[in-house]
Amino acid sequence: MQRLTLEGIATAWARSAREGEVLLRRQRPTLIVCDIRLPDGSGEALLTRLMPELGGTPIIVVTAFGDVAQAVRLLRAGADDYVEKPFPAQLLIDKLAAYSGWSAPLRPADDGAGWRSPAMQTLRRHLLKLARVDTTVLLGGESGAGKEVAARALHESGRAEAGRAAAPFVAVNCAAIPAELLESQIFGHERGAFTGATERQPGFAERAAGGTLFLDEVAELGPAPQAKLLRLLQERRFTRLGGREELPLQARIVAASNADLRARVAEGRFREDLYYRLAVVELAVPPLRERPEDLGALAAHFLRHFAQAFAREAPELTAPAFDALLAHRWPGNVRELRNRIERAMVLAEGPRLEPADLFPERQAQEAPPLSLAEARDAAEREHIRRVLARSGSRVGDAAQLLGISRTTLWERMKRLGIKG
């Protein structure tokens, strides 16, 4: 505890299973470190009981030599890693750094789901650094990949001295606002500024206060709105439509686009000076097909979300259904995954979701039955993929979970066509 405090890591210490359960039900930490042996019970039982409620919160298990089998069981149940006592303090600190960014606690949306893949961990680290400053950020990525989720994570991680996390997060879909209304929507207007303006109306920039103004689909702005946005970024001041008083822009601006803004600049469709004002730091949110490690956590999150929304038990996602998720290319990214799970839960008739529930359009194209050898290979392929996804694509860890050597696993992966 003392070493963690010296490293600047905020900790909450539960000295028993009972205290731990009360603590975890009261607040959601960034990361959990739990001993398997507790004074009043089993850490394994505690984590197994609470794991469905913990979402994607990373879990590191502390175990003695004789309890390694229990730690492996917990890894299979959803824990992320374990350390074996006795261990040097730096080992635990390194693992905390790998699974969590304690320098500015990041609390991504969707209960931490979707941040396990190496690509998203890299994005997470960049957001943590940006949370300490007020730099303007441009988020790129395909539609539905999670740009607003990343923007909200950055906002919620805002440095304490700036007070960003407690201030508003105001999202603006630039493509949905008519050009003639954009100025009054973003900057607000005074009474009598135009026909129908019967009272003063604050705009998005004013309502964001000291928080975050998120400008989505910024590539769809026309020439006149681009000029007004450039002036806002340059001067950090604005005036309500029909008013004279200049107001300071206190919010951080985060912009997002699924279009290639550099190409738009080259085509003359987007101002170059505005692009460089927005892209002080430019980050890309990777598409879902490039981060299969996030599929399991995202699917579990949406199952829980819609189970709660529909006041029913969350259905079980069968192994063939999970294999179908891994095989899909996800052109609609996370938004498509959400929609498929919602539709499946509305229309499915049983307590288990099968591939046909998630991909009903494929029913008319059913393949002939597999041979016995093909079925064995398919089952082995699916199991290896699931374990690789659970271990974050770390082949050595996956081999340990499967009870085989790393070399044997590489040979199986090569024979079954599984990419490492």
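Computed from a predicted structure; not experimentally measured. (Residues numbered from 1 in each chain as written. Predicted model: local features only at pLDDT ≥ 70, side-chain atom pairs only at ≥ 80, totals over all residues. Heavy atoms only, no water.)

Chemist: Looking at this structure, how should I read the overall build of the protein?
Modeler: Within the protein one finds 19 helices and 16 strands. Expressed as a percentage of the 420 residues in the protein, the buried residues total 45%. The long-range fraction of contacts in the protein, counting pairs at least 24 apart against all pairs at least 6 apart in sequence, stands at 67%. Accessible surface for the protein amounts to roughly 21600 Å². Of this, 51% is attributable to carbon and sulfur atoms. (Helix = DSSP H or I, 4+ residues; strand = E, 2+ residues; numbered from the N terminus. Buried < 20%, exposed > 50% of the residue type's maximum accessible area, 1.4 Å probe, protein only. Contact = heavy atoms within 4.5 Å. Areas by Shrake-Rupley, 256 points an atom, 1.4 Å probe, with all protein chains shown as cover.)

Chemist: How should I be thinking about the environment of Ala-279 in this particular structure?
Modeler: Residue placement: Ala-279 occurs in the loop between α12 (272–278) and β14 (281–284). Note: C-alpha distance between Ala-279 and Leu-139 (140 residues apart in sequence) is 8.4 Å.

Chemist: I tried to follow a nonpolar patch on the surface on my own but got confused; where do I start?
Modeler: Nonpolar side chains collect at one region of the surface, where Phe-310, Val-346 and Leu-347 lie side by side and expose about 290 Å² of accessible area between them. Summarising the element assignment, Val-346 is placed in helix α15 (residues 333–347). On the accessibility criterion, Val-346 (52% relative accessible area) is exposed. (Patch = residues over 30% accessible without salt bridge, like charges linked within 9 Å, V, L, I, M, F, W, Y side chains within 5 Å. Salt bridge = Lys/Arg side-chain N within 4 Å of Asp/Glu carboxyl O.)

Chemist: Which parts of the structure should I look at to understand the nonpolar core?
Modeler: In a soluble, globular protein the nonpolar side chains are often hidden away together inside. Core analysis: the biggest nonpolar cluster contains 33 residues, and Leu-213, Leu-215, Val-218, Leu-229, Ile-253 and Leu-278 have the highest contact counts within it. Per element, the largest residue contribution to this core is four residues, and it comes from helix α10 (residues 223–235). With residues near it in sequence (within four places) discarded, Leu-213 still touches Val-170, Val-172, Phe-204, Ala-205, Ala-208, Ala-251, Arg-252, Ile-253 and Val-254. (Core = buried A, V, L, I, M, F, W, Y, C linked by side-chain atoms within 4.5 Å.)

Chemist: Looking at this structure, how should I read the side chain of His-328?
Modeler: Its place among the elements puts His-328 in the loop between α14 (319–327) and α15. Excluding residues that lie within four positions of it along the chain, His-328 makes contacts with Glu-336, Arg-340, Phe-359 and Arg-362.

Chemist: I would appreciate a short explanation of the sheet that holds strand β6 (residues 137–140) in the present structure.
Modeler: Strand pairs in the sheet, formed through backbone hydrogen bonds, run parallel or antiparallel to each other. The sheet built from five strands is open, its strands ordered β7-β10-β13-β6-β14 with parallel pairing. Two strands lie at the open edges of the sheet, namely β7 (169–173) and β14, each paired on one side alone. Neighbour to neighbour, the strand axes of the sheet diverge by 20° on average, direction disregarded. Bridge count between strand β10 (residues 212–216) and strand β13 (residues 252–257): four bridges; the pairing is parallel. Bridging from a neighbouring strand, Thr-212 pairs with Arg-252 of β13. Docked against the sheet, helix α6 (residues 118–130) engages β6, β13 and β14, running at close to 155° with respect to β14. (Pairing = 2+ DSSP bridges. Axes fitted to C-alpha atoms, helices over the stretch in contact; angles between N-to-C directions.)

Chemist: Hey, could you run me through the pairing of β13 in this one?
Modeler: Walk down a regular strand and you will see the side chains alternate between the two sheet faces. Along β13, six of the six residues are buried, which leaves the element largely enclosed by surrounding structure. One ladder, built from four bridges, connects β6 with β13; its direction is parallel. Each bridged residue has a counterpart across the sheet, and for Leu-138 the counterpart in β13 is Ala-255.

Chemist: For this particular structure, what's the right way to read the sheet that holds strand β1 (residues 32–35)?
Modeler: One open sheet holds the three strands; their spatial order is β1-β4-β5, and the pairing between them is parallel. Two strands in the sheet have a free side with no partner beyond their single neighbour: β1 and β5 (81–84). Put simply, the sheet's adjacent strands are angled 25° from each other on average, direction ignored. Inspection of the sheet shows strand β4 (residues 59–63) paired to β5 by four bridges, in the parallel sense. In the strand pairing of β5, Val-61 is matched with Tyr-82. Most of the contacts of helix α3 (residues 43–50) go to β1, to which it runs at about 140°, and overall it touches β1 and β4.

Chemist: Would you explain α10 in this entry?
Modeler: For the α-helix, the turn length of 3.6 residues means that residues three or four positions removed from each other point alike. Taking 1.5 Å per residue as the helical rise, α10 with its 13 residues ought to reach 18 Å, and the 19 Å between its terminal C-alpha atoms agrees with that figure. Where α10 is concerned, the buried positions are Pro-225, Gln-226, Leu-229, Leu-230, Leu-232 and Leu-233. All buried residues of α10 project into a common sector of 160° when viewed along the axis, lining one side. Considering only its buried residues, α10 is in contact with α8 (179–187), β10, β11 (237–239), β13 and α12. Two residues or fewer past α10, Arg-236 is found with a positive phi of approximately 55°. (Expected span 1.5 Å × (residues − 1). Arc of directions from axis to C-beta.)

Chemist: What exactly am I supposed to notice about the environment of Leu-215 here?
Modeler: Relative to the helices and strands, Leu-215 resides in strand β10. The class of Leu-215 is buried, set by a relative accessible area of 1%. Sequence spacing of Leu-215 and Phe-204 is eleven residues, and the spatial spacing of their C-alpha atoms is 10.0 Å. Residues in contact with Leu-215, not counting those within four places in the same chain, are Val-172, Cys-174, Leu-229, Ile-253, Val-254, Ala-255 and Ala-256.

Chemist: I keep staring at the environment of Ala-179 and nothing clicks. Help me out?
Modeler: Residue placement: Ala-179 occurs in helix α8. Judged by its relative accessible area of 55%, Ala-179 falls in the exposed class. For Ala-179 and Pro-225, which are 46 residues apart along the polypeptide, the C-alpha to C-alpha distance reads 7.0 Å.

Chemist: Explain unusual backbone geometry to me, please; I cannot follow it from the model alone.
Modeler: Negative phi is the rule for most residues except glycine; trans is the rule for most peptide bonds. Non-glycine residue Glu-217 carries a positive phi angle of around 55°. By the secondary structure assignment, Glu-217 is in the loop between β10 and α10. Its identity is not glycine, yet Asn-333 carries a phi of approximately 60°, on the positive side. With respect to the helices and strands, Asn-333 occurs in helix α15. By relative accessible area, Asn-333 is classed as buried at 0%.

Chemist: Which parts of the structure should I look at to understand the packing of helix α2 (residues 17–26) against α3?
Modeler: Angle between the axes and distance between the axes are the two parameters that describe a pair of packed helices. Running from N to C, α2 and α3 cross one another at 20°; their axes reach a closest spacing of 10 Å. One way to sum up the angle between α2 and α3 is to call them roughly parallel. The element α2 and its partner α3 pack so that their crossing is right-handed. When α2 is examined against α3, the residues Ala-17, Glu-21, Leu-24 and Arg-25 are found in contact with a partner set consisting of Leu-46, Arg-49 and Leu-50. When grouped by side-chain class, the residues that make up the contact of α2 with α3 number four nonpolar, no polar and three charged. (Parallel < 35°, antiparallel > 145°, perpendicular 65-115°, else oblique. Left-handed = near helix turned anticlockwise from the far one by under 90°. Nonpolar A, V, L, I, M, F, W, Y, C, P; charged D, E, K, R; others polar.)

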